[in-house]
Amino acid sequence: MSILTFRGGIHPRYNKERTAALATKPLAAPDELVLPLSQHIGAPAVATVSVGDTVLRGQTIAQPGGFVSAAIHAPVSGTVSAIEPRPTGNGTLGDAIVLTNDHQDTETSYSGLGEDWAQADAATLRDMVARAGIVGLGGAAFPSHVKLAPPPDRTIDTVIINGAECEPWLTADHRLMLESANAVVSGLRIIQHILGAPNGVIGIEANKPDALRAISQAATGTPIRVVSLAVKYPQGGEKQLISACLKRRVPQGKLPMDVGVVVHNTGTAAAIHRAVVDGRPLLERIVTVTGTAVSQPANYWVRLGTPVAHVLQHCQTELTPAGKLILGGPMMGIAQKHADIPVVKSTSGILVLQPKDATTRPASPCIRCGRCVDACPMFLVPQELGAFARLRMIPEARAAAALDCMECGSCAHACPAHIPLVQLIRLAKADIHAAARKKM
Ligand code: SF4
Ligand code: SF4
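The structure displayed is predicted, hence computed values, not measured ones.

Within the secondary structure, Pro 321 is located in the loop between helix H8 (308-314) and strand S16 (324-327). Linking Pro 321 and Arg 274, residues 47 residues apart in sequence, is a C-alpha distance of 40 Å.

Here we come to the domain arrangement of the protein chain. Parsing the protein chain into structural domains produces domain 1 (3-20 + 113-278) and domain 2 (371-439). Using C-alpha coordinates to define each centre, domain 1 is positioned 28 Å away from domain 2. On the domain 2 side, the residues contacting the 14 residues of domain 1 number 15 residues. Taking both sides of the interface into account, the surface hidden between domain 1 and domain 2 amounts to around 1,100 Å²; carbon and sulfur atoms contribute 55%. In this assembly, domain 1 and domain 2 are joined by 0 salt bridges. Looking at the side of domain 1 that touches domain 2, its residues break down into 5 nonpolar, 6 polar and 3 charged.

We now examine the site of ligand 1. Near ligand 1 the following residues occur: Cys 376, Pro 377, Met 378, Pro 382, Cys 405, Met 406, Glu 407, Cys 408, Gly 409, Ser 410, Cys 411 and Ile 425. Considered class by class, the residues forming the shell around ligand 1 number 9 nonpolar, 2 polar and 1 charged.

This part is about a nonpolar patch on the surface. A surface patch of nonpolar side chains, about 260 Å² in accessible area, is lined by Ile 41, Phe 67 and Val 68. By secondary structure assignment, the location of Phe 67 is in the loop between strand S6 (60-63) and strand S7 (72-73).

With antiparallel pairing, the 4 strands of this open sheet are ordered in space as S3-S9-S8-S5. The sheet is open, and its two borders are formed by strand S3 (32-36) and strand S5 (54-55), each paired with just one other strand. Across 5 bridges, S3 lies against strand S9 (residues 93-101) in antiparallel orientation. What sits directly across from Val 34, in S9, is Val 98.

Attention now goes to the pattern of salt bridges. If you walk through the whole model with that rule in mind, you get 18 salt bridges. Note that Lys 147 is salt-bridged to Glu 238, the shortest N-O span being 2.8 Å. With a gap of 91 residues between them, Lys 147 in helix H2 (residues 144-147) and Glu 238 in helix H6 (residues 238-246) connect regions that are remote in the sequence. A relative accessible area of 23% places Lys 147 in the partly exposed class. Between Arg 248 and Asp 157 there is a salt bridge whose closest N-O contact spans 3.2 Å. Here Asp 157 lies in the loop between H2 and strand S10 (158-163) and Arg 248 lies in the loop between H6 and strand S13 (261-265), a separation of 91 residues in the sequence. For Arg 248, a relative accessible area of 26% translates into the label partly exposed. Assessed through its relative accessible area of 24%, Asp 157 is described here as partly exposed.

Each aromatic ring pair is characterised by the separation of its centres together with the angle its planes make. Counted by the stated rule, this structure contains 0 aromatic pairs. The ring of Phe 6 has Lys 232 lying over it, and the distance from NZ or CZ to the ring centre is 4.4 Å.

Glancing now at the layout of surface pockets. Empty space among the atoms becomes apparent when a probe as large as a water molecule is rolled across them. Put simply, the second largest pocket is a space of about 360 Å³. Along the wall of the second largest pocket there are 22 residues; nearest its centre are His 73, Met 128, Arg 131, Ala 132 and Gly 279. Those elements giving two or more residues to the lining of the second largest pocket turn out to be S6 and helix H1 (122-131). Within the lining of the second largest pocket, the residues separate by chemical class into 9 nonpolar, 11 polar and 2 charged.

About the cut-offs
- Residues numbered from 1 in each chain as written.
- Chains lettered and ligands numbered in written order.
- Predicted model: local features only at pLDDT ≥ 70, side-chain atom pairs only at ≥ 80, totals over all residues.
- Heavy atoms only, no water.
- Helix = DSSP H or I, 4+ residues; strand = E, 2+ residues; numbered from the N terminus.
- Domains from an automatic or database assignment.
- Contact = heavy atoms within 4.5 Å.
- Buried area = accessible area lost by both parts, 1.4 Å probe.
- Salt bridge = Lys/Arg side-chain N within 4 Å of Asp/Glu carboxyl O.
- Nonpolar A, V, L, I, M, F, W, Y, C, P; charged D, E, K, R; others polar.
- Near = heavy atom within 4 Å.
- Patch = residues over 30% accessible without salt bridge, like charges linked within 9 Å, V, L, I, M, F, W, Y side chains within 5 Å.
- Areas by Shrake-Rupley, 256 points an atom, 1.4 Å probe, with all protein chains shown as cover.
- Pairing = 2+ DSSP bridges.
- Buried < 20%, exposed > 50% of the residue type's maximum accessible area, 1.4 Å probe, protein only.
- Phe/Tyr/Trp six-rings, centres within 6.5 Å; stacked < 30°, edge-to-face > 60°.
- Lys NZ or Arg CZ within 6 Å of the ring centre and 35° of its normal.
- 1 Å grid on protein atoms, 1.4 Å probe; cavity = no way out; pocket = protein on both sides within 12 Å on 5 of 7 lines; lining within 4 Å.
- Points joined across faces, edges and corners; volume = space filled by probe spheres on them.

In structure tokens, the structure reads:
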């Protein structure tokens, strides 16, 4: 099997050995779960329950607030104890449904299509995905049914499942591919059926040979291509994956569907399988809990809405003010001030670092070495974008394609002057969006 890759990228220390061999365990549900109405890209969901209502596990408790939105379901049975603003992982307060768990797990009934799903038409299957509240589980949290409904003038010929899991420390997708390989392959076939896409590809980084074997075995007898990808960050970026697997380049400002491709994460594919075959909504996900401050690292099936503090208690982790708590991986995750926030659909990992591993070095002036340019997988010039951002040169930053930056952090990682390039480019992007709003 040849190893495929893309141009640019970096080789950070992967640190996956702490959890890669740990089988996923179910985590005991907490007494109280907090389910933000906005845990996806798009319009917030709209609560369909009221304070005092009793709910069953699997029951819909919030409907999508628009086409680009996602339903939310009760991950436990119990009572709605509040609907109120609560802290979220993006640093803001957001309306959330608070459930008091009765610890009975009394479940609603589910109605799936079983293995006969291929008899159903695309609209029926897409509707099942929407009703299950599935979003991109790789971290993007984009509602999956929207990706399954491309405009009529776009023909999708290939679906790629992203099994790269290139973020250091995280192994949730790796464990899923080992433990639910058939569900991942079945999910891909369902997505291909919905989109009418003849080609299916599953891309996995070469540092997961056991996952490559498990998925190849599950795909035996199907036309699905399982490919081995170079171990390089950000191999799992949509455009990088398309470049590596298909040698197609998505032009600046365009989407994968513009080159006939749709990309979904492994977890999303497995969730789509469960929604269509078993009729089960998205109630839980695999979360890697790891880092130098975690005494007992683990991969857990965690009910959505579980407080991060509850998860960390089970992993015997002490948070210290000088350490670092990150939701997601170290490259694209979001640092948190405290653990009083819930696990949501996009939470692939909880990373806790000791103070000695959490320090940032002071920046010095740019030495024009060009390493950031070599590292950028989007063909940008990060050093120039950083300078435009610092000087608030908005038209120049726009012309230099700042909006194409995927905030992968490769440039900052490569920079010997420790310039906070991602933060600067984020500032430029915010300036561009603000200027566009002013013009409207
Ligand atoms: S400029 Fe953006 S896309 Fe390019 S390396 Fe930096 S963060 Fe990644
Ligand atoms: S890597 Fe850092 S020091 Fe080198 S050119 Fe880019 S911004 Fe300047």
